[in-house]
2 protein chains.
Amino acid sequence: MKLFPQIYKIEITSHHKSIIAREKEILADKIQEAGIPLNSYCNKKGLCGKCMVEIVKGELPPLSEKEAYFLKKKKLGPRYRLACLYGIKGNLEIRIPEESLIQEMLILTTGIRETLSLNPAVKKYFLKLKKPEIKLPLSLIELVEKELGKKVLITDLGLLKDLPRLVEKSNFQLTIALKDGREIIAIEEGDTAQRAFGLAIDIGTTTLVTEVVDIISGESLGTATSKNGQAKYGADVVSRISFAYLKPENLERLNEAVLQSLNEMIANLLWKKGIKESEIYEVAIAGNTSMNHFFLGIPVESLAVAPFYSVFTHLPQLRAGSLGLKINQNARVYISPNIQSFVGGDISAGLVASGFEAKEGNFLYIDLGTNGEIVLKKKHKFLATSTAAGPAFEGMNISCGMLALSGAIYKAEFKKRLVLKTINEAPPLGICGTGLIDLIAILIEQGKISPKGNISHKEKKVWLAKNIFIDQKDVRELQLAVAAIRCGIRLILKRSKLRLKDLDGILIAGAFGNYLNIENSMKIGLLPSLDANKITFIGNASLAGARAFLLSPEIRKRAENLVRKIEFFSPAADPLFQEYFIDSLELKPYDS
Amino acid sequence: MKLFPQIYKIEITSHHKSIIAREKEILADKIQEAGIPLNSYCNKKGLCGKCMVEIVKGELPPLSEKEAYFLKKKKLGPRYRLACLYGIKGNLEIRIPEESLIQEMLILTTGIRETLSLNPAVKKYFLKLKKPEIKLPLSLIELVEKELGKKVLITDLGLLKDLPRLVEKSNFQLTIALKDGREIIAIEEGDTAQRAFGLAIDIGTTTLVTEVVDIISGESLGTATSKNGQAKYGADVVSRISFAYLKPENLERLNEAVLQSLNEMIANLLWKKGIKESEIYEVAIAGNTSMNHFFLGIPVESLAVAPFYSVFTHLPQLRAGSLGLKINQNARVYISPNIQSFVGGDISAGLVASGFEAKEGNFLYIDLGTNGEIVLKKKHKFLATSTAAGPAFEGMNISCGMLALSGAIYKAEFKKRLVLKTINEAPPLGICGTGLIDLIAILIEQGKISPKGNISHKEKKVWLAKNIFIDQKDVRELQLAVAAIRCGIRLILKRSKLRLKDLDGILIAGAFGNYLNIENSMKIGLLPSLDANKITFIGNASLAGARAFLLSPEIRKRAENLVRKIEFFSPAADPLFQEYFIDSLELKPYDS
């Protein structure tokens, strides 16, 4: 018996590091302790094969059955071993391939560079079950538990009903999808451990965006955008709540409308990416309070009258099957927590994704959607409000308006003549929100529209291309939207006893993407005339938040904690509202 | 500022106890520390009103809103206060009424007197919600959480959809049913906190028994017995598995048959007791492995062929709605854990309920059902086996047989002439299992049947009453059943290297109730001829176990731990089986 364990040296050539380890310590632990982000997807159970390292010099233990399987599958040389199964017995020289490292991920591709460590709630494992023996005929679930090395939970009886057939067909070789390391939500034939996907969904009042994400690598595989089918029952939140209020069936109609839009968009996106519906195991949804109530089919009458309360702020994850989403019926759907009746989960998602909550100083977060939500951070205090901007920023309720899709005029410049840019350089089909802002700014500068919003031409129309024009009503729509935001900004600053110049920065989020022209936005008074360096466009931060929720339960916790700290006020209840709003209707710059 | 807290004296006149307490300590804590089983159903949150004590002398704090509510509701005098809300400020003299104490409960009314502390998984609370205010319009769920003093979980969207209507109708006065102190499984209008019921169900191969239990008081309110509707597809487990094996639809038929029997029995029982289906919040089910697979609709093919494995042994609680039980759709259904493919949850329930697991010495547990399960405890080791007795013990497959229901001949004696006793003293309708055993024993003694089972009368029939007889086939049925049990007992003892006289006791369980005549059972060799004091009839221990599961999650844990410790052997695979079985066919006493 040795009194002191032997000490060995481990050279990690790939990382130019040298570490020491004691007899019997596990190689994976030592590598991680050295600060190298070795992948331990299966929590070092030898199940996922993601921590393969090359043993360049030193003891090479015999291949375990599982290692042999992964070596063959990944086409690795004979000197590769799983670091999580490797007990140290002597000096080593190892090389860690790039594929065995966790890839750091940015939450937002633009904006704040916070990295996210990948830890999805659902993970998949390939299991070769030991067949039951007559001496001790374990049940199928016990065989699964034995292979996984822990107890599991099954709440969907359907999985148990299918299990015997699957086991027989696959000769006891199964892949299971495990939620929170405990609950089996899918059982599949053979090895499908590499195919696990999730959806991040932004349910906007006007626009829906879905992003499909590989929840093993964290990679985004593509997005799709579509209109929210509820628009036919009202352009904004208030008119939809009123519609739901009329009779009970209307709530169902609103619920069905958004579900149909979502299911069509999802089916399309998955088909394009070659992903099966059953391969979607998780969904994270960001939407405002009304939108997530409608999505779940929960009554919203109480949002229509004072004291304007909702049914829930935060919910546990729900089964996709109980919601009508056409994906794996056992997929879990996470709803981003609402802040308040009128500041919803889209904002909490955006605040977390943008790192807003952790910023030092005084900051403003503005989400330019059909609802214009504004959050102010003054040192450690958060104040939020919500303004009814209407769908103009998303190109809706505009004569020739459209969503920011192929063919939309998204940018306009005047260089001797008016130059219009369309998405994908397609022939112009209409004007989206950012294009409208550019155009109005240019037309005011040229005197074709007055700051009060009157079109000077007697036809009260400005033609831009064949069949595409802006008319007087369109200008009014934008004017109201701009005034709502500007009035909201001024009220929230007033309440917080801050001036514009006290702000250290403004984050602008919105589903319209990154096309918003800052100079034009200032010219028409949508944004205050501050130092442009203080203004950051962060794109669709709600969607980015939903993606972060999908990949990291820690980020969910962060949002759930944040929402409790945010105070809310209703702008319409503020005595200054009327005065500020009328004052904000003029399309001109402001800096105080 | 006082450096040392003041010490006070509390006289508990009702219990002739005197205790001391420090300033600000909570009265309920001190009472419980003194060993008095004060009810703390709501974990001392002031929600349930069950820990009312009379403050005979001493400081009487003003009534809280909740206390006022409970005083009025329970018609208590003005000096009653909730002990869990009472902070001690001076010397006291108190009286604790009987209603404020937890009633100790016996798990089995016969047999082992182990007490069970009542702690049902589902508890109900009446809540008067504070209405939302415009300044801080909390969501409805947050209002509930505020009143409960903790976070809740809701997985049934239906509850959220109904919530706004209920809140409005009840003017914010709701009763919620909370599972595991966390998940809301029912929301009801007004104060229904005193109505919470559960079902303990024994799913036997031949007989179904349901007991309805008040899960607040622990009181049993009544039982119902019916045939298992699956019997038309086969009298025993093996024939039903074979039936299911023929084609997939047959599994559905078996599943529907038992569900229909159960739902009819439950509806009847609840109607008689004046309980609504929606007031059943929990169910505990004890059944053998095949029965619980059939009940859940899970394939059993693997139980039909070697190595005879099942799909599950232990399951989490399932929603009643997903199983087809016509009770509250959110009620949770607990399935007693299976020990092995052929020793199921009925036995684990019985073992726990009878205290068998905790006995000192060598004990045998025998369940006389359609399957005859036998468990031997030799010091700390458990060995189990299962024998195919057939339904004779339950009066089935017998020409004039019937379940132990009103009109069944359950007892026979020869006092100069044959005296037959029927259940409820009703006119005889048939013979149940215990009656059959008595009758055969008497007929052998009288030489009308030989120990080899031949009826001497040339008609090969013995008439007992008008239309009621025993024929040759009936004797054979019982003979096979007796031989199965006897052979099982001998094999299990042989394997454990024990002799009959080494046994410290035998527990006999069975759905036939407590009518089994021990002397007659020994005469025909169903039970070994041991000192009668060593034999204890414990009645339907499976049902008693199910009731215990209903009232105490701790007992569930005990069963789940026990099942892992029990080894199993198949009697048919034992080389001695053939010899022992043939030897056991003779209806005569045995003592070695």
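Definitions and limits used
Residues numbered from 1 in each chain as written. Chains lettered and ligands numbered in written order. Predicted model: local features only at pLDDT ≥ 70, side-chain atom pairs only at ≥ 80, totals over all residues. Helix = DSSP H or I, 4+ residues; strand = E, 2+ residues; numbered from the N terminus. Rg over C-alpha atoms; globule rule 2.2 N^0.38 Å. Buried ≥ 20, exposed ≤ 12 C-beta atoms within 10 Å, placed from the backbone. Contact = placed C-beta atoms within 7 Å. Pairing = 2+ DSSP bridges. Axes fitted to C-alpha atoms, helices over the stretch in contact; angles between N-to-C directions. Domains from an automatic or database assignment. Nonpolar A, V, L, I, M, F, W, Y, C, P; charged D, E, K, R; others polar. Parallel < 35°, antiparallel > 145°, perpendicular 65-115°, else oblique. Least-squares fit on C-alpha atoms with pLDDT ≥ 70 in both. pLDDT = per-residue confidence, 0-100. Arc of directions from axis to C-beta.

A.B. asks: Requested: an account of the overall build of chain A, with residues and values cited.
C.D. replies: A count of helical and extended segments in chain A gives 15 helices and 27 strands. What you see for chain A is a C-alpha radius of gyration of 28 Å, in line with the 25 Å of a compact globule of 592 residues. Dimensions along the principal axes, computed over C-alpha positions, put chain A at roughly 95 × 55 × 50 Å. Burial analysis of chain A (592 residues in total) assigns 49% to the buried set. Considering only contacts in chain A between residues 6 or more positions apart, those separated by 24 or more positions represent 68%.

A.B. asks: I'd love a proper account of the environment of Leu562 of chain A, names of residues and values included.
C.D. replies: Residues and elements named next belong to chain A. Residue placement: Leu562 occurs in helix H14 (residues 553-563). Under the C-beta neighbour-count criterion, Leu562 is labelled partly exposed, with 19 such atoms within 10 Å. Separated by 23 residues in sequence, Leu562 and Gly539 place their C-alpha atoms 21 Å apart. Contacts of Leu562, omitting those with residues within four sequence positions, involve Ser348, Leu351, Val352 and Glu357.

A.B. asks: Kindly report on the sheet that holds strand S22 (residues 430-431) of chain A, identifying the contributing residues and their values.
C.D. replies: All names here are of chain A. What the three strands build is an open sheet, ordered S21-S20-S22; its pairing is mixed. Single-partner strands in this sheet number two, and they are strand S21 (417-422) and S22. Relative to S21, strand S20 (residues 408-415) runs antiparallel, the two being bridged by six bridges. Each bridged residue has a counterpart across the sheet, and for Glu413 the counterpart in S21 is Val419. Contacting S20, S21 and S22, helix H10 (residues 433-445) crosses the sheet at an angle of about 25 degrees to S20.

A.B. asks: Any details on the pairing of strand S20 (residues 408-415) of chain B? Residues and values, ideally.
C.D. replies: Residue and element names in this part refer to chain B. One ladder, built from two bridges, connects S20 with strand S22 (residues 430-431); its direction is parallel. What sits directly across from Ile409, in S22, is Ile431. Counted between consecutive antiparallel strands, the loop separating S20 from strand S21 (residues 417-422) contains one residue, among which Lys416 sits at a positive phi close to 70 degrees.

A.B. asks: Describe unusual backbone geometry, with residues and values.
C.D. replies: Residues apart from glycine generally show negative phi values, whereas peptide bonds are mostly found in trans. The omega torsion across Ala306 of chain A and Pro307 of chain A is 5 degrees, close enough to zero to call that bond cis. Residue placement: Pro307 of chain A occurs in the loop between helix H7 (289-296) and strand S15 (318-319). Of note in this structure, Asp180 of chain B is not a glycine but carries a positive phi near 50 degrees. Take Asp180 of chain B: it is sitting in the loop between strand S9 (173-179) and strand S10 (183-189).

A.B. asks: Can you lay out the domain arrangement of chain A for me, pointing to particular residues and giving the numbers?
C.D. replies: Domain annotation for chain A reports domain 1 (7-100), domain 2 (121-189) and domain 3 (197-353). Computed over C-alpha atoms, the centres of domain 1 of chain A and domain 3 of chain A are 43 Å apart.

A.B. asks: Which residues make up the interface of chain A and chain B, and what values do they have?
C.D. replies: With 36 residues of chain A at the interface, the matching set in chain B holds 36 residues. Of all elements in the fold, only helix H3 (140-148) and helix H4 (157-169) of chain A reach the threshold of two or more residues within the side of chain A that touches chain B. Here the element with the most residues in the side of chain A that touches chain B is H4 of chain A; it accounts for five residues. Taken together, the residues of the side of chain A that touches chain B break down into 24 nonpolar, eight polar and four charged.

A.B. asks: If you had to explain the packing of helix H9 (residues 345-353) of chain B against helix H13 (residues 541-551) of chain B to someone new, which residues and values would you point to?
C.D. replies: Residue and element names in this part refer to chain B. One way to put it is that H9 packs onto H13 with a least axis distance of 7 Å and a crossing angle of 75 degrees. Relative to H13, the element H9 is oriented roughly perpendicular. Along its contact with H9, which presents Asp346, Ala349, Gly350, Val352 and Ala353, the element H13 presents Ala541, Ser542, Ala544, Gly545, Ala546, Ala548 and Phe549. Split by residue class, the contact of H9 with H13 holds eight nonpolar, three polar and one charged.

A.B. asks: Can you lay out the relation of the copies chain A and chain B for me, pointing to particular residues and giving the numbers?
C.D. replies: In this arrangement, two copies of a chain are superimposed by a rotation about an axis accompanied by a shift along the axis. Mapping chain A onto chain B is achieved by rotating through 180 degrees and translating by 0.0 Å along the same axis, at an RMSD of 0.0 Å. As the rotation angle and translation indicate, the two copies are arranged about a two-fold axis. A symmetric contact is evident, with 100% of the interface residues of chain A recurring at the interface of chain B.

A.B. asks: Could you give an account of the sheet that holds strand S1 (residues 7-12) of chain A, naming the residues involved and the relevant values?
C.D. replies: Residues and elements named next belong to chain A. If you trace the five strands from one edge of the open sheet to the other, you get S2-S1-S5-S3-S4, paired in mixed fashion. Each edge of the open sheet carries a strand with a single partner, namely strand S2 (17-22) and strand S4 (80-82). Within this sheet the neighbouring strands show an average axis-to-axis angle of 40 degrees, counted without direction. In the sheet, S1 pairs with S2 via six bridges, with the strands oriented antiparallel. Residue Glu11 lies in a different strand from S2, and its bridge partner there is Ser18.

A.B. asks: For the confidence of the model for chain A, give the residues involved together with the corresponding values.
C.D. replies: Looking at chain A, pLDDT values average 91 and 97% of them are 70 or higher. Across the interfaces of the predicted complex, the ipTM metric reaches 0.85, alongside a pTM of 0.88.

A.B. asks: An account of helix H5 (residues 237-246) of chain B is needed here, citing residue identities and associated values.
C.D. replies: Residues and elements named next belong to chain B. Turning to H5, its buried residues are Val237, Arg240, Ile241 and Ala244. One side of H5 carries all its buried residues, which in axial view fall inside an arc of 100 degrees. Buried residues along H5 sit against helix H6 (248-273), helix H7 (289-296) and strand S18 (371-378).

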